[in-house]
Amino acid sequence: MNKPIDFRRFSCRQCLEEADIGFDFTMAFQPLVRYSNRSVIGYEALVRGLENESAWSILQQVNASNRYRFDQLCRIKAIELAARLKLSGTLSINFLPNAVYRPELCIRTTFEAAELFGFPVENILFEFTENEELISASHVKTVVESYQKMGFQTAIDDFGAGYSGLKLLADFQTDIVKFDMALVRNIDRDVARQKIIRHCVSLCVDLGTTPLAEGIETQAEAEMLASLGVDLMQGYLFARPGFEHLPSCSFE
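Residues numbered from 1 in each chain as written. Predicted model: local features only at pLDDT ≥ 70, side-chain atom pairs only at ≥ 80, totals over all residues. Heavy atoms only, no water.

Colleague: Describe the pattern of salt bridges, with residues and values.
Modeller: For the coordinates displayed, the defined rule picks out twelve salt bridges. One salt bridge connects Asp 71 with Arg 75, and the closest N-O pair in it is separated by 3.0 Å. In this pair, Asp 71 and Arg 75 both sit in helix H3 (residues 67-84), four residues apart, roughly one turn of the helix. In this structure, Asp 71 and Arg 75 share a single accessibility class: buried. Its salt-bridge partner being Lys 178, residue Glu 127 comes within 3.2 Å of it at the nearest N-O pair. Taken as a pair, Glu 127 in strand S4 (residues 124-129) and Lys 178 in strand S6 (residues 176-179) lie far apart in primary sequence, 51 residues in all. When sorted by exposure, Glu 127 lands in the same class as Lys 178, which is buried. (Salt bridge = Lys/Arg side-chain N within 4 Å of Asp/Glu carboxyl O. Helix = DSSP H or I, 4+ residues; strand = E, 2+ residues; numbered from the N terminus. Buried < 20%, exposed > 50% of the residue type's maximum accessible area, 1.4 Å probe, protein only.)

Colleague: Lay out the packing of aromatic side chains with the relevant residues and their values.
Modeller: This model, assessed by the stated rule, comprises 13 aromatic pairs. Measuring from centroid to centroid gives 6.3 Å for Phe 128 and Phe 172, while their planes differ by 45°, and the two rings are tilted. Linking Phe 128 in strand S4 with Phe 172 in the loop between helix H7 (165-171) and S6, this pair joins segments that are 44 residues apart in sequence. Like Phe 128, the residue Phe 172 is buried in the burial classification. Between Tyr 147 and Phe 152, the aromatic rings sit 5.9 Å apart at their centres with planes inclined by 65°, giving edge-to-face as the arrangement. Owing to a relative accessible area of 0%, Tyr 147 belongs among the buried residues under this scheme. For Phe 152, a relative accessible area of 3% puts it in the buried group. Directly above the aromatic system of Tyr 35 lies the positively charged group of Arg 38, at a separation of 3.9 Å from the ring centroid. Positioned over the ring face of Tyr 236 is Arg 240, at 4.0 Å from the centre of the ring. (Phe/Tyr/Trp six-rings, centres within 6.5 Å; stacked < 30°, edge-to-face > 60°. Lys NZ or Arg CZ within 6 Å of the ring centre and 35° of its normal.)

Colleague: Before we move on, could you go through the nonpolar core and cite the residues and values that matter?
Modeller: Core analysis: the biggest nonpolar cluster contains 67 residues, and Phe 25, Met 27, Phe 70, Leu 91, Phe 179, Ile 197 and Leu 225 have the highest contact counts within it. Per-element accounting of this core gives the leading share, ten residues, to H3. Beyond its immediate stretch of four places on either side in the chain, Met 27 contacts Ala 45, Leu 46, Val 47, Arg 48, Cys 74, Lys 77, Ala 78, Leu 81, Gly 242, Phe 243 and Glu 244. Grouped together as the second largest cluster of nonpolar side chains are six residues, Leu 32, Ala 155, Ile 176 and Leu 212 included. (Core = buried A, V, L, I, M, F, W, Y, C linked by side-chain atoms within 4.5 Å. Contact = heavy atoms within 4.5 Å.)

Printed below as a string of structure tokens:
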């Protein structure tokens, strides 16, 4: 599956110029589940090395000179693999807000990849992590709102673990807010975390955004989160990321 991407198929000029980022990578996929009816609603595409090396081993090679092209390549590779694997439902793709200089131009590659590989644009969810120190919150707001107007879904990833989650939610609302695993770990035995998640869920509902808990590893964590109003979940309890394939999902 690791055929090199031919950037000549895409029109974004910066993608065509010096497209070689100096390393190659691929994707693994992890299910996003709706716990109430034990269904898979989609998959998140996660960066991996060609021999299934960790995302960290790839991301540490990203720098100011190749950040834009890496971000664009992530989109293309995720869409191409998802189409090849016949992924139905949502395809969640992480993007780097600091790599998007103008949303209306930088999105061309995504549209063209979706058309080329026959993947529905409306099934794409773009998520950004609040762990990345953002150059400008107003820039992120512009990017997210632009993507939403174009028909994409959006999400804040790792909510509660980064720089400015609450401020971002005050400035704009994504379709989904993904609670970081640090907030949900052992939540069934941690009253403080239960109270935090309960209020975060209430906040999401008031703002019209959907909460999703990630990093779930035990049935007890899942049951507690469900009782607190979290229906969308992700984690090893259901499936580990599948290297270049869509893993089957386990429900108890």
